[in-house]
Amino acid sequence: MKMRSSQWLGLGILLSLLAFSVLGVSFSPYSMSEQNLNAIMEAPSAVHWLGTDQYGRSMLTRMAHAVGLSFALSLMCMLTSSIVGTAFGVWAAWGGKKVDSVLGVVVNILLALPGLVVVLLFAAIVPGSFLMLYLAISLVQWVEYFRVVRAITQGVIQSPARQSSAMMGFGRWYQFKRHIWPAISPSVFTLAAFGGASAILTMASLGFVYVGIQPPLAELGLMTVELFPYYSDAPWLLAQPLVVIALMVFAFHLLAGKRA
């Protein structure tokens, strides 16, 4: 599958941000929570490349940790929800009416609840837990994969090519690799890219209302809320997490473009 120039651009942005996170965490001389009250809200300089926040903490170090946290959550949610949703979608389409009915009921129950409400409920159980956020977002996202994969797989199963493979004695694994996966993979990859952006926005949204990742950990949404009161005194501080959130979401959306 060939990638378009816009997808290469999205991938380049994501890899650049990932490199910034890895290098920032690995080589910064400051820790994420190290405070220096004599260097509060300093502008970017040779000492602090991105300045310092309201507690004198290095913004470069905190941004590097926050970007890494967002990447970790988005990738984990993408992998989990895509695997679970694809597996259940194929099973529902290929496993008979009983399996399809049971999975359909489960999906309808999840669809009856707004996704953000489900995530908020999980976040309220164990406040500040990365694991609970990951489970909640994955629980919400796998439904989209299920619906799309199930619909495509139902059409492939009825196709003459797939039926010919079955009559020739090829097993289900071969039929899946030969007929089903090529049909569903473009949609799965597109959903995964949008899912990565959605996971980042969801975690940032929870940070906005103080029910996501808790201090002293660095998280983009939480940093935005903490720095907002100082937007007039140090606008460069507030701009940093906002720009990174926008870049990550923009890059994932570019990556989700149609494949040729």
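Before reading further, recall that the structure is shown in the block above.
Structural notes, computed from the coordinates. Fair warning: this is a prediction, and the values are worked out from it, not measured in the lab.

## Topic: a nonpolar patch on the surface
A cluster of nonpolar residues, L116, L120, F208 and V209, forms a patch on the protein surface that exposes about 340 Å² of accessible area. On the secondary structure map, L120 appears in helix α4 (residues 115-125).

## Points about the pattern of salt bridges
One pass over the full model with this rule turns up 4 salt bridges. For R57, the salt bridge is made with D53, and the minimal N-O distance between the two is 2.8 Å. Side by side, R57 and D53 carry an identical accessibility label, which is buried. Put simply, D100 and R150 hold a salt bridge, and the shortest N to O gap is 2.7 Å. Here D100, found in helix α3 (residues 97-112), pairs with R150, found in helix α5 (residues 130-157); they are 50 residues apart in sequence, far enough to count as distant. Judged by relative accessible area, D100 falls into the buried class, the value being 17%. One salt-bridge network, held together by shared partners, links D53, R57 and R62.

## Some words on the packing of helix α1 (residues 5-27) against helix α9 (residues 235-255)
Between α1 and α9, the shortest axis-to-axis distance is 7 Å and the interhelical angle comes to 145 degrees. The crossing of α1 and α9 is left-handed. Between α1 and α9, the contacting residues are S6, Q7, L9, G10, L11, I13, L14 and L17 on the first element and L247, M248, F250, A251, F252, L254 and L255 on the second. Considering only residue class, the contact of α1 with α9 consists of 12 nonpolar, 3 polar and no charged.

What counts and how
Residues numbered from 1 in each chain as written. Predicted model: local features only at pLDDT ≥ 70, side-chain atom pairs only at ≥ 80, totals over all residues. Heavy atoms only, no water. Patch = residues over 30% accessible without salt bridge, like charges linked within 9 Å, V, L, I, M, F, W, Y side chains within 5 Å. Areas by Shrake-Rupley, 256 points an atom, 1.4 Å probe, with all protein chains shown as cover. Salt bridge = Lys/Arg side-chain N within 4 Å of Asp/Glu carboxyl O. Helix = DSSP H or I, 4+ residues; strand = E, 2+ residues; numbered from the N terminus. Buried < 20%, exposed > 50% of the residue type's maximum accessible area, 1.4 Å probe, protein only. Axes fitted to C-alpha atoms, helices over the stretch in contact; angles between N-to-C directions. Left-handed = near helix turned anticlockwise from the far one by under 90°. Contact = heavy atoms within 4.5 Å. Nonpolar A, V, L, I, M, F, W, Y, C, P; charged D, E, K, R; others polar.

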